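Report on the structure
In case you want the letters, here they are:
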Amino acid sequence: MPEMPEVQGLVDFLRGRVVGVEVTRASVSAISALKTYDPPITAVVGAHVTGVERRGKFVDIATDAGAHLVFHLAKAGWLRWYETLPSTVIRPGKTQIALRVGLADGSGFDLTEAGTKKSLAVYVVSDPADVPGIARLGPDPLDPGFDRNTFAALLADRRTQIKGVLRDQSIVAGVGNAYSDEILHAAKMSPYALAAGLSAEEIDRLYAALRDTLAEAVTTASGKPPAELKDAKRRGMRVHGRRGETCPVCGGEVKSVFFADNSLEYCPVCQTGGKILADRRLSRLLK
């Protein structure tokens, strides 16, 4: 799933190419992806792009018509950029393309979604806050005002596992499964530690890991075209997606815990005092 760093990379890329350019086409080929009808998708056609912003994991493309084209790539979505937009006819139901946007200079992009579970979402709104997922967002962890005390206040009284807290978009915006694994590894913390039970020193460590991990990943993504962002993400991972490989910090073996539709990765030596967390498909977490 694209998370904050990759989405920021897309935003930086689009900002350098679409701002000031007229939108000449916006056609939906997967009706299930379009979540709004007023304004219609055609509201952005003929308008010029005035800005591109990231809001959590959402991309917000603003136009001088007052309409915002907002999208969320969900688990299997991506943006495919073309310097020259293809002229081929898109056949609904026969392609991974959910949305095609064309620009006056001949360039454009497709939003694509792999797999059978279709969760990619496209909105056209007058105000980004009209998108429910944006309205629910918590603070952005890379915002200058997001200090250690702000973070500590978000954790207070939450008797839930820290892995889930980091992934909850209403608490902290932009972090998903992959980067929560990386943050917790950097903080040397079990994914199942209770948020409310963290000591002041553990909060300090987790806050530093949160900011540093995301800032480093954003820097890595900056300037890369969409086609390179996924590979850059994979190369930067220390534990996520690296089950059975060697932890780059301690040399131990990276382990996984599997869930219904995803998994988490961690290093037992660095994070759990050597204890192996049980596979949730088979048994409860080992105490």
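Going by the structure above, here's the rest.
The present account deals with the structure reproduced in this document. (Residues numbered from 1 in each chain as written. Predicted model: local features only at pLDDT ≥ 70, side-chain atom pairs only at ≥ 80, totals over all residues. Heavy atoms only, no water.)

1. Some details on the overall build of the protein chain
The cut-off we apply is this: Secondary structure elements are taken from DSSP: a helix is a run of H or I of four residues or more, a strand is a run of E of two residues or more, and numbering for both begins at the N terminus. This radius of gyration counts C-alpha atoms alone. The globule rule is 2.2 Å times how many residues there are, raised to the power 0.38. For the exposure calls, accessible area comes from a 1.4 Å probe over protein chains only, and a residue counts as buried if that area is under 20% of its type's maximum, exposed if over 50%, partly exposed in between. The contact definition used throughout considers only heavy atoms, calling two residues in contact when any of these lie within 4.5 Å. The protein chains shown are the only cover counted for residues, whose accessible areas, like all others here, come from Shrake-Rupley with a 1.4 Å probe. His is not counted here, nor are the chain ends, while Lys and Arg score as positive and Asp and Glu score as negative. Here the site of a charge means NZ on Lys, CZ on Arg, CG on Asp, or CD on Glu.
The number of helices and strands found in the protein chain is eight helices and ten strands. For a compact globule of 287 residues, the expected C-alpha radius of gyration is about 19 Å, and the protein chain comes in at 20 Å, within 12% of that figure. Of all 287 residues assigned to the protein chain, the portion counted as buried reaches 50%. Taking as baseline every contact in the protein chain between residues at least 6 positions apart, the subset at least 24 positions apart corresponds to 63%. As displayed, the protein chain has an accessible area near 13,400 Å², and 51% of this comes from carbon and sulfur atoms. Counting 37 positive and 33 negative side-chain charges, the protein chain places the averaged centre of each group 8 Å from the other.

2. Quick notes on the sheet that holds strand β4 (residues 68-72)
We count it as follows: If DSSP finds at least two bridges between two strands, the strands pair. Fitting a line to C-alpha atoms yields each axis, with helices limited to the stretch in contact; the angle taken between N-to-C directions then spans 0 to 180 degrees.
Strand order in the open sheet made by the four strands is β2-β3-β4-β8, with antiparallel pairing throughout. Either end of the sheet is taken by a strand with one partner, and the two such strands are β2 (49-55) and β8 (121-125). Neighbour-to-neighbour, the strand axes of the sheet open up by a mean angle of 15°, direction not taken into account. The sheet contact formed by β4 and β8 spans five bridges and is antiparallel. Of the residues in β8, the one forming a bridge with V70 is Y123. Where helix α1 (residues 4-18) meets the sheet, its contacts fall on β2, β3 (58-63) and β4, and the angle it forms with β2 comes to roughly 175°.

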